[in-house]
Amino acid sequence: MNHKTISKSIEFKGIGIHSGKEITMTCNPSTSGSITIINSKDNNATLPLTLDTLAESHKRATLFKNEFTYLSTPEHFLSACAAYSITSLDIHINGNEMPILDGSSIEFCKIFESVNIQEIPDKPLSPIIINSPLTIWYEDTCIIATPAATSIFSYFLSYDHPLIKSQSHTIELTKSTYMNDIAPARTYGFKHEVDHLIKQGLAKGGSLDNALIIGDDNYINEPRFTNECARHKLLDLIGDSWVLNRPIIGHIIGIKSGHHLNHLFTKALATNYS
Ligand SMILES: [Zn+2]
């Protein structure tokens, strides 16, 4: 297995969910074997995708170097990278967050489908092969990694909410299962929480065009799957795990986990499989 990059440059444009501002990001092929973000709004400061830059704020993933050099909401893009095993890119961006697009990763996948994903000769990549169970947990949330022949991801969530209740989803991670079953699942929010975020001056770009919004006893907009929330949390778990920049052979099971536990999990994996 070798590192992979894209055959030619691709561009994504859209608003950032935090700032509401228009963002353009251009992904260029790279043979470096790593993903690097270069921010033109920050004197072309570079932000490498590494465990050291991984952080979380306001329940969202962030890559953080300092108060000027950071990038919010990389997880949906990274999740699509995981599905296509893309490990090597230079990403030029003109802001501090990735475009939210429709709140899922389907648009990233569609553009990846329009180029060739190429192996980089003489750039070997060793996958993480889970050889014994690893559990990381906090209160009622948990992530378990167990050995498996392929890459399998599961997620379980439960809310005290009449529509959502308990949901789960499992996929064997391939490009096609991801594209069909996971990529279209949008980020979601409960209406009362979204109203609170807006009052705090956050989620300026949030709208019914880029999130599934859940009211007290009904969906405000139409869900794409009956278990869209669980599928989206699975999308996030796959994306947060891609900070390792290595495929995982094993079964990863997230139970009510969020970005914070996902990050602790990736750090534990890195320690165990360095
Ligand atoms: Zn998400």
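Residues numbered from 1 in each chain as written. Predicted model: local features only at pLDDT ≥ 70, side-chain atom pairs only at ≥ 80, totals over all residues. Heavy atoms only, no water.

1. A short note on the domain arrangement of the protein
No. 1: Examined at the domain level, the protein breaks down into domain 1 (2–124) and domain 2 (128–272).
No. 2: Using C-alpha coordinates to define each centre, domain 1 is positioned 19 Å away from domain 2.
No. 3: Taken together, the 42 residues of domain 1 in the interface contact 35 residues of domain 2.
No. 4: Summing both partners gives a buried area of about 3000 Å² for domain 1 against domain 2, and 65% of it is carried by carbon and sulfur.
No. 5: On the surface where domain 1 and domain 2 come into contact, there are 1 salt bridge.
No. 6: Linking Asp102 and Arg224 is a salt bridge whose minimum nitrogen-to-oxygen distance equals 2.9 Å. (Domains from an automatic or database assignment. Contact = heavy atoms within 4.5 Å. Buried area = accessible area lost by both parts, 1.4 Å probe. Salt bridge = Lys/Arg side-chain N within 4 Å of Asp/Glu carboxyl O.)

2. Comments concerning the environment of Met25
No. 1: Mapping Met25 onto the fold places it in strand β3 (residues 22–29).
No. 2: Judged by its relative accessible area of 0%, Met25 is buried.
No. 3: Along the sequence, Met25 and Gly258 sit 233 residues apart, while their C-alpha atoms lie 26 Å from each other.
No. 4: Not counting the four nearest positions on each side in its chain, Met25 is found in contact with Ile10, Glu11, Phe12, Phe77, Ile91, His92, Ile93, Met98 and Pro99. (Helix = DSSP H or I, 4+ residues; strand = E, 2+ residues; numbered from the N terminus. Buried < 20%, exposed > 50% of the residue type's maximum accessible area, 1.4 Å probe, protein only.)

3. Overview of the packing of helix α2 (residues 106–113) against helix α3 (residues 175–182)
No. 1: Between α2 and α3, whose axes approach to 10 Å, the crossing angle comes to 145 degrees. Both α2 and α3 take part in a crossing whose hand is left-handed. For the pair formed by α2 and α3, the contact residues are Ile106, Cys109, Lys110 and Glu113 on the first element and Lys175, Tyr178 and Met179 on the second.
No. 2: In terms of residue class, the contact of α2 with α3 is built from 4 nonpolar, no polar and 3 charged. (Axes fitted to C-alpha atoms, helices over the stretch in contact; angles between N-to-C directions. Left-handed = near helix turned anticlockwise from the far one by under 90°. Nonpolar A, V, L, I, M, F, W, Y, C, P; charged D, E, K, R; others polar.)

4. Brief notes about the coordination of the zinc ion
No. 1: Bound to the zinc ion are the protein donor atoms His76 (NE2), His232 (NE2), Asp236 (OD) and Asp236 (OD), situated 2.1 to 2.7 Å from the metal.
No. 2: Each of the 4 donor atoms around the zinc ion contributes to a set of angles spanning 53 to 150 degrees, which defines the coordination as irregular.
No. 3: All donors to the zinc ion come from one chain, and their sequence spacing reads H-x155-H-x3-D. Taken as a pair, His76 in helix α1 (residues 75–84) and Asp236 in helix α5 (residues 228–241) lie far apart in primary sequence, 160 residues in all. (Donors = N, O, S within 2.8 Å, 3.2 Å for Na, K, Ca; no water. Tetrahedral: all angles 85-135°; square planar, octahedral: opposite > 155°, others 65-115°.)

5. Things to note about the sheet that holds strand β9 (residues 89–93)
No. 1: Spatial ordering of the open sheet is given by β2-β3-β9-β4-β5, a layout of 5 strands whose pairing is mixed. At either end of the open sheet lies a strand with only one pairing partner, and these are β2 (10–15) and β5 (45–48). For this sheet the average axis-to-axis angle between neighbouring strands, irrespective of direction, equals 20 degrees.
No. 2: Direction of pairing for β3 relative to β9: antiparallel, over a ladder of 5 bridges. Its bridge partner lying in β9, Pro29 is registered against Leu89.
No. 3: Contacts between α1 and the sheet are confined to β2, β3, β4 (35–39) and β9, with β9 contributing the most and set at about 155 degrees to the helix. (Pairing = 2+ DSSP bridges.)

6. Some remarks on the packing of α1 against α5
No. 1: Remark: α1 packs on α5, axes separated minimally by 7 Å, with the N-to-C direction vectors making an angle of 75 degrees. On the basis of their axis angle, the class for α1 and α5 is roughly perpendicular. In this structure, α1 uses Glu75, His76, Leu78, Ser79 and Ala82 to contact α5, whose residues at the interface are His232, Leu235, Asp236, Ile238, Gly239 and Asp240.
No. 2: Broken down by class, the residue content of the contact of α1 with α5 amounts to 4 nonpolar, 4 polar and 3 charged. (Parallel < 35°, antiparallel > 145°, perpendicular 65-115°, else oblique.)

7. With respect to α5
No. 1: Taking 1.5 Å of rise per residue, the 14 residues of α5 would be expected to cover 20 Å, and the 20 Å separating its terminal C-alpha atoms lies within 8% of that figure.
No. 2: When you tally the buried positions in α5, you get 14 out of 14 residues, the bulk of the element. (Expected span 1.5 Å × (residues − 1).)

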